[in-house]
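Per-entry structural report
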Amino acid sequence: MNAYQHLYINGQWVAPAKGGSFETIDPSNEAVITRVAAATSCDIDLAVQAARQAFDQGPWPQLAGAERAAVLRRIASIIRERQQELAELEVRDNGKPLPEALWDIGDTAGCFDFYADLAEKLDAEREQPVTLGDDRFSSVARKEPVGVAGAIIPWNFPMLMAAWKVAPALAAGCTMVLKPSELTPLTALELADIAHQAGLPAGVLNVVPGLGAEAGAPLSEHPGIDKLAFTGSVPTGSRIMQAAARDIKNISLELGGKSPFIVFDDADIEAAVEWIMFGIFWNQGEVCSATSRVLVQRDLYQPLLARLAEAAASITIGSGLEEGVLLGPLVNRSQFDKVLTAIARGKQEGATLLYGGSRPAECSKGYFLQPTIFSDVAEDSWIWQEEIFGPVVCVRPFDDEADALRSANDSRFGLAAAVMSKDLERCERVARKLRAGIVWINCSQPTFTEAPWGGYKQSGIGRELGQWGLNNYLETKQITRFDSDQPWGWYIK
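Predicted, not measured: the structure shown is a model, and the values here were computed from it.

What to know about the sheet that holds strand β5 (residues 127-130)
The three strands lie next to each other as β5-β6-β22, forming an open sheet whose pairing is antiparallel. In this open sheet, the two strands that pair with only one neighbour each are β5 and β22 (474-482). Pairs of neighbouring strands in the sheet enclose a mean axial angle of 25 degrees, with direction left out of account. As judged from the nine bridges shared by strand β6 (residues 137-145) and β22, these two strands associate in the antiparallel manner. Bridge pairing in β22 places Ser138 opposite Arg481.

Here it is as structure tokens:
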């Protein structure tokens, strides 16, 4: 699909009602890629009506799980056929290095295949008998699709984040209105085209790019939506939660993080540096689960800092389409400026800028930033406590296990955490004491479709991926039957 001046509503490409559009920018060179149709409240209303009709009157919720699975697998197959093209489009729209984008698009296809498998199993698992204390009655607990889902996704993993919501929703039998980020809308529109090619019935998936206030807010506030799923910042998540509260909507929120990485002094220093760098510099640090707070046991602290700075200096920075690049540009000017402001604040707060902190000299255009390392960061400082969402890591020493756990858990966030040590018993013990929804041992950031994803505290509500992701889009109904041929006896004597 080479033109993006249309919205995908009710199985058709339609012009936005008010004719608006916005630019999407290549962050590596600041050039306009294309203009994209901008949905407003009237377009959102049409999309919700289409999804509502497709759920209430259409065939999708009534199909056998195997029939829905067949469509999901066709979607996965087309994504794989177009993997290179979609990955290159993602690089241009988001800025990430091509190998990472190829990885993301492969995971996107895998996500649709995974939920196709669960859709097939759902028929057999849809009704579970319930044992009652009165044998005159029988009861089943029945799983049914929640209805029309509204999904709002972020810009850091554009097509993959769409899949995390679209695939389980479709597997469950829901219909959906998807609003991609206005910063990276292109692969979401391609997903609509792919779903259309795969034979998804009209109205089941509607894709409506637009600005947050003009499209996201009307979607989160629409009375025709049964369930809201959002991934993004804590302030926006809070507003969506408030909007959902008015109608008592089902919600799931995957929000921010300031995830700790505890490195004990018996850890292999090369392995520790590799995982620390992957945990914060992968995807330019624009990762909600990025392990951006690193706690290093005191005896290892200085040697690790020296090796980390040396390794960071060797990272190749440039356009994500250039071979060998490991660090692409930040997504846009606003994010670039926010990260630079955070770095300036870190310096003002007295942290030591060990490496980086500015635009690379060789990159005069584009939103490029050096990998940045702060050491000796105070626990009460802003950069230690708040999410920066860029390639900025904060490092401080700790004395013992109790000290590390206290510092790691001292956060309003609780999305992820990591621990590294050759003592696996200690790793397991620490992992169970970390207040986070995802904990990695001797690694950071591996993500699997089969395992639950989500956080504690202000990092969100609910879980995505795995069976948990499917459950987001299912309601549980009790059906109880009176089986006795004797009267109940309350009124009839």
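On we go.
Structural notes on the environment of Gln445
Within the fold, Gln445 resides in the loop between β19 (438-441) and β20 (456-457). Taking relative accessible area as the criterion, Gln445 reaches 2% and is therefore assigned buried. Along the backbone, Gln445 and Glu323 are 122 residues apart, and their C-alpha atoms lie at a distance of 23 Å. Those residues in contact with Gln445, other than ones at most four positions away along the chain, are Phe278, Gly279, Trp282, Val287, Ser289, Ala290, Thr291 and Trp440. Of the polar contacts made by the side chain of Gln445, one reaches the side chain of Ser444; its length is 3.1 Å.

Concerning the UniProt feature "active site" (unreviewed entry) in the protein
Taking the numbering used here, the UniProt-annotated feature "active site" (unreviewed entry) corresponds to Glu254. Summarising the element assignment, Glu254 is placed in strand β11 (residues 250-254). On the accessibility criterion, Glu254 (3% relative accessible area) is buried. Apart from the residues lying within four places of it in its own chain, the contact partners of Glu254 are Phe230, Thr231, Gly232, Cys288, Leu415, Trp453, Ser459 and Glu464.

Some words on helix α3 (residues 83-94)
For α3, with twelve residues, the first-to-last C-alpha span of 16 Å sits near the 16 Å given by 1.5 Å per residue. Restricting attention to buried positions, one finds in α3 the residues Leu86, Ala87, Leu89, Glu90, Val91, Asp93 and Asn94. As for α3, its buried residues are in contact with β3 (21-26), β4 (31-37), α2 (65-81), α4 (98-125), α5 (158-172) and α6 (186-197). Where α3 terminates, the next one or two residues include Gly95, which has phi positive at roughly 105 degrees.

Comments concerning the UniProt feature "domain: Aldehyde dehydrogenase" (unreviewed entry) in the protein
Those places that UniProt annotates as "domain: Aldehyde dehydrogenase" (unreviewed entry) correspond, in this numbering, to residues 13-479. Within the segment residues 13-479, helix and strand shares are 42% and 21% respectively, and the terminal C-alpha atoms sit 41 Å apart.

So, a nonpolar patch on the surface
Residues Phe482, Trp488, Trp490, Tyr491 and Ile492 make up a contiguous nonpolar surface patch of roughly 720 Å² in combined accessible area. Mapped onto the fold, Trp488 is located in the segment after β22. On the basis of relative accessibility, which here comes to 52%, the residue Trp488 falls in the exposed class.

Here we look at the nonpolar core
Core analysis: the biggest nonpolar cluster contains 110 residues, and Ile79, Phe112 and Val263 have the highest contact counts within it. Structurally, this core is a two-domain feature, drawing no fewer than three residues from each of domain 1 (3-255 + 459-479) and domain 2 (260-441). Residue contacts for Phe112: discarding those within four places in its chain leaves Leu72, Ile75, Ala76, Ile79, Ala163, Val166, Ala167 and Leu191. Core analysis: the second largest hydrophobic core is formed by 28 residues, Phe264, Ala342, Ala351 and Ala417 among them.

Points about the environment of Ile262
Position of Ile262 relative to the elements: it lies in strand β12 (residues 260-263). Residue classification places Ile262 among the buried positions, given a relative accessible area of 0%. Between the C-alpha atoms of Ile262 and Val393, which are 131 residues apart in sequence, the distance is 13 Å. Those residues in contact with Ile262 that lie beyond four places of it in its chain are Leu295, Phe398, Ala404, Ala408, Ala418, Val419, Met420, Val430 and Leu434.

Calculation criteria
Residues numbered from 1 in each chain as written. Predicted model: local features only at pLDDT ≥ 70, side-chain atom pairs only at ≥ 80, totals over all residues. Heavy atoms only, no water. Pairing = 2+ DSSP bridges. Helix = DSSP H or I, 4+ residues; strand = E, 2+ residues; numbered from the N terminus. Axes fitted to C-alpha atoms, helices over the stretch in contact; angles between N-to-C directions. Buried < 20%, exposed > 50% of the residue type's maximum accessible area, 1.4 Å probe, protein only. Contact = heavy atoms within 4.5 Å. Polar contact = N/O pair within 3.5 Å; in protein donor to acceptor, adjacent residues only side chain to side chain. UniProt positions renumbered as here; feature names shortened; annotations may be inferred. Expected span 1.5 Å × (residues − 1). Patch = residues over 30% accessible without salt bridge, like charges linked within 9 Å, V, L, I, M, F, W, Y side chains within 5 Å. Areas by Shrake-Rupley, 256 points an atom, 1.4 Å probe, with all protein chains shown as cover. Salt bridge = Lys/Arg side-chain N within 4 Å of Asp/Glu carboxyl O. Core = buried A, V, L, I, M, F, W, Y, C linked by side-chain atoms within 4.5 Å. Domains from an automatic or database assignment.

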